[in-house]
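These are the residues of each chain, in order.
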Amino acid sequence: MRRRSFLALTGLAGLAPAGCSAGAEGNEGILSFRNPLRIPPVLDPEPGPDGVKRFALRLREGRTELLPGKPARTWGINGDHLGPTLRARRGDRVAMTVTNALGEASTLHWHGMRLPAAMDGGPHQMVEPGATWSPEWTVDQPAATTWFHPHPHGRTAVHVYRGLAGMFLLDDDSDTTGLPGAYGKDDIPLIIQDRKFTEAGELDEDFGGTFGLLGDDILINGTYDPYFRVTTGRVRFGILNGSNAHVFTVGFADDREFHIVASDAGLLSRPVAARRIRISPGERFEIVASFEPGEHVLLKGFPGGNEIEGGAYDLLKLTAAPRLAPSPALPARLAALAPPVEGERTRTFKLYGSHINGKPMDLARIDEVVPAGAREVWELDNITFSHNFHIHEVVFRILDIDGDQPPEHLRGPKDTVYVPGKTKVRVAVEFGRHTDPKTPYMYHCHILKHEDKGMMGQFVLVPPGTENTTPRRLDLSHHAGHH
Ligand code: C2O
Ligand code: CU
Ligand code: CU
């Protein structure tokens, strides 16, 4: 018997020190679900007289009792740990002021947002300590659960791990009747992050190993040992795997069916029934689950087939109230998705070691020049162990996985895809129209240690016809960041 299950059976579980495992073994049976799930506050400013929604975000250090009675050093955005949930609608003009009150340079990247490259918050938009960066853009994409996190080259893993991340929810005017949508009540963000605590309750920053840190201490929205009180017959969960490397296969302890309604970049064409859903770092899925009055059920992470999927995890206890407000039936149809367009051009990305196509990331090198508005096929050919792949700015559709059509829930709009070892995934990519030959967007493995080690490349969007005259080197001599 494994030590943890022994402790659980003997009732000593509460005494088991956190952080003494090797990582990715699981945490089954050791939690007592004592802490109400934290719901990040919403930041949804009224537009000013100029019609612009202004968001003020301040990156800062803080202290958070992740474990009771053991305040830990954490980082947060407008708070001690994590950030607020930002909210905007399609058509909104949004303006951010990102102030860096940390002791080192960082950035904020809007993962999943379609915007000009200079506003993207990647490693070319560093914000020095004490500086403010003010990107501004018009939200022009369907409703989706997106998120934001730092992207300083070589330091992303530690910045995210310390707590810099938040949700960015986008709404639009499409009819979502039947989908629960009351934030914090029946529409619940779940930011799942594995951590490793020291005996003192601090975040252990041992990023050794092939994948970096894999922890067995789980935070949901920054809450350790969480429960959520369900008050409605159905609840929609917007799940983000905000872990550095850990892949979670999420489902309920009693194997109940739920419906997947959205992936990274928006709604699926219809609700897809499932009992498990695998989510790799950076991916989001929205699911809707049903509850009976008075019941208790655990949301779990189920053991996966490899080193980054780990053991069995207890994630969140759902405690249904004795009376539940009725929820409407799920709609039969969601988004009207056109079939994916296979553009004529295919680019191949070989993933191995921590490089893409054999090259480590070079901030001065433009790897790919793409005409604005292009449709292309990107072939992600993973030669070795598990990776995933995220492309900034775009939306893509998975065409096939090792030649097979993807399962239905992976046929919707996405920006990040899990690419298991020795697997080839082809995606149909739709590029945006904001051209800027001198400011690249990133594509990379979203296992943050791999990203930091250079498993990242850069592309620029250029006016069609100028691909061949676009310089492939950037002059970074003015690359000082924002002061
Ligand atoms: Cu979630 Cu390049 O980022
Ligand atoms: Cu991104
Ligand atoms: Cu990787």
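Everything numeric in this text was worked out from a predicted model, so none of it was measured.

What counts and what doesn't
- Residues numbered from 1 in each chain as written.
- Chains lettered and ligands numbered in written order.
- Predicted model: local features only at pLDDT ≥ 70, side-chain atom pairs only at ≥ 80, totals over all residues.
- Heavy atoms only, no water.
- Helix = DSSP H or I, 4+ residues; strand = E, 2+ residues; numbered from the N terminus.
- Contact = heavy atoms within 4.5 Å.
- Donors = N, O, S within 2.8 Å, 3.2 Å for Na, K, Ca; no water.
- Pairing = 2+ DSSP bridges.
- Axes fitted to C-alpha atoms, helices over the stretch in contact; angles between N-to-C directions.
- 1 Å grid on protein atoms, 1.4 Å probe; cavity = no way out; pocket = protein on both sides within 12 Å on 5 of 7 lines; lining within 4 Å.
- Points joined across faces, edges and corners; volume = space filled by probe spheres on them.
- Nonpolar A, V, L, I, M, F, W, Y, C, P; charged D, E, K, R; others polar.
- Domains from an automatic or database assignment.
- Buried area = accessible area lost by both parts, 1.4 Å probe.
- Salt bridge = Lys/Arg side-chain N within 4 Å of Asp/Glu carboxyl O.
- Phe/Tyr/Trp six-rings, centres within 6.5 Å; stacked < 30°, edge-to-face > 60°.
- Buried < 20%, exposed > 50% of the residue type's maximum accessible area, 1.4 Å probe, protein only.
- Lys NZ or Arg CZ within 6 Å of the ring centre and 35° of its normal.

## Remarks on the environment of Val-247
Of note, Val-247 is situated in the loop between strand S16 (234–241) and strand S17 (248–252). Through-space distance from the C-alpha of Val-247 to that of Ser-263 is 16 Å; in sequence the pair is 16 residues apart. Aside from chain neighbours lying at most four places away, what touches Val-247 is Asn-241, Arg-278, Ile-279, Ser-280, Pro-281, Ile-308, Glu-309 and Tyr-418.

## A word on the coordination of the copper ion (ligand 2)
For a metal with four tetrahedral donors the ideal donor-metal-donor angle is 109.5 degrees, while six octahedral donors give ideal angles of 90 or 180 degrees. Listed as protein donors to the copper ion (ligand 2) are His-109 (NE2) and His-390 (NE2); their distances from the metal cover 1.9 Å. Of the two residues, His-109 sits in strand S7 (residues 109–111) while His-390 sits in strand S28 (residues 387–391), which places them 281 residues apart along the sequence.

## Regarding the sheet that holds strand S2 (residues 42–43)
With mixed pairing, the five strands of this open sheet are ordered in space as S2-S5-S11-S10-S7. Strands at the two margins of the open sheet, each flanked by one partner only, are S2 and S7. Here strand S5 (residues 85–89) pairs with strand S11 (residues 166–171) via four bridges, running parallel. Opposite Arg-87, over in S11, you have Leu-169 as the bridge partner.

## Some points on the sheet that holds strand S30 (residues 416–419)
One open sheet accounts for five strands, arranged S26-S33-S32-S28-S30; its pairing is mixed. Each edge of the open sheet carries a strand with a single partner, namely strand S26 (368–371) and S30. Neighbour-to-neighbour, the strand axes of the sheet open up by a mean angle of 25°, direction not taken into account. As paired strands, S28 and S30 are joined by four bridges and run antiparallel to one another. What sits directly across from His-390, in S30, is Thr-416.

## Focus: the layout of surface pockets
By volume, the largest pocket amounts to about 770 Å³. For the largest pocket, the lining is made up of 40 residues, of which Arg-90, Arg-114, Pro-142, Val-395 and Glu-430 are closest to its centre. Listed by contribution, the elements that provide at least two residues to the lining of the largest pocket are strand S9 (136–138), strand S19 (266–274), strand S29 (395–401) and strand S31 (423–430). Considered class by class, the residues forming the lining of the largest pocket number 21 nonpolar, seven polar and twelve charged.

## Side note on the domain arrangement of the protein chain
For the protein chain, the domain assignment lists domain 1 (35–171), domain 2 (178–325) and domain 3 (345–479). Computed over C-alpha atoms, the centres of domain 2 and domain 3 are 27 Å apart. Contacts between the two partners involve 30 residues from domain 2 and, on the opposite side, 20 residues from domain 3. When residues of domain 2 are sorted by the area they lose upon contact with domain 3, Phe-211, Asn-244 and Ala-265 head the list and together hold 20% of the total. Our count for the contact surface shared by domain 2 and domain 3 stands at four salt bridges. A salt bridge links Asp-415 to Arg-284; the nearest nitrogen and oxygen atoms lie 2.8 Å apart. Elements that contribute at least two residues to the side of domain 2 that touches domain 3 include exactly strand S18 (258–263), S19, strand S20 (276–279) and strand S21 (284–290).

## Describing the packing of aromatic side chains
As enumerated under the stated definition, the model contains 22 aromatic pairs in all. Plain terms: the ring middles of Phe-252 and Phe-258 are 5.9 Å apart, the flat faces sit at 70° to each other, and that makes the pair edge-to-face. By relative accessible area, which is 0% here, Phe-252 ends up buried. Look at Trp-378 and Tyr-443: their rings are 5.3 Å apart centre to centre, the planes differ by 85°, and that puts the pair in the edge-to-face class. Of the two residues, Trp-378 sits in strand S27 (residues 375–382) while Tyr-443 sits in strand S32 (residues 441–444), which places them 65 residues apart along the sequence. Just as Trp-378 is buried, Tyr-443 falls in that class too. An aromatic cluster of three or more residues is present, and its members are Phe-349, Trp-378, Phe-389, Phe-431, Tyr-441, Tyr-443 and Phe-459. It is Arg-162 that lies over the ring of Trp-75; its NZ or CZ is 4.7 Å from the centre. Looking at Arg-276, its charged tip hangs above the ring of Phe-302, at a distance of 3.4 Å from the centre.

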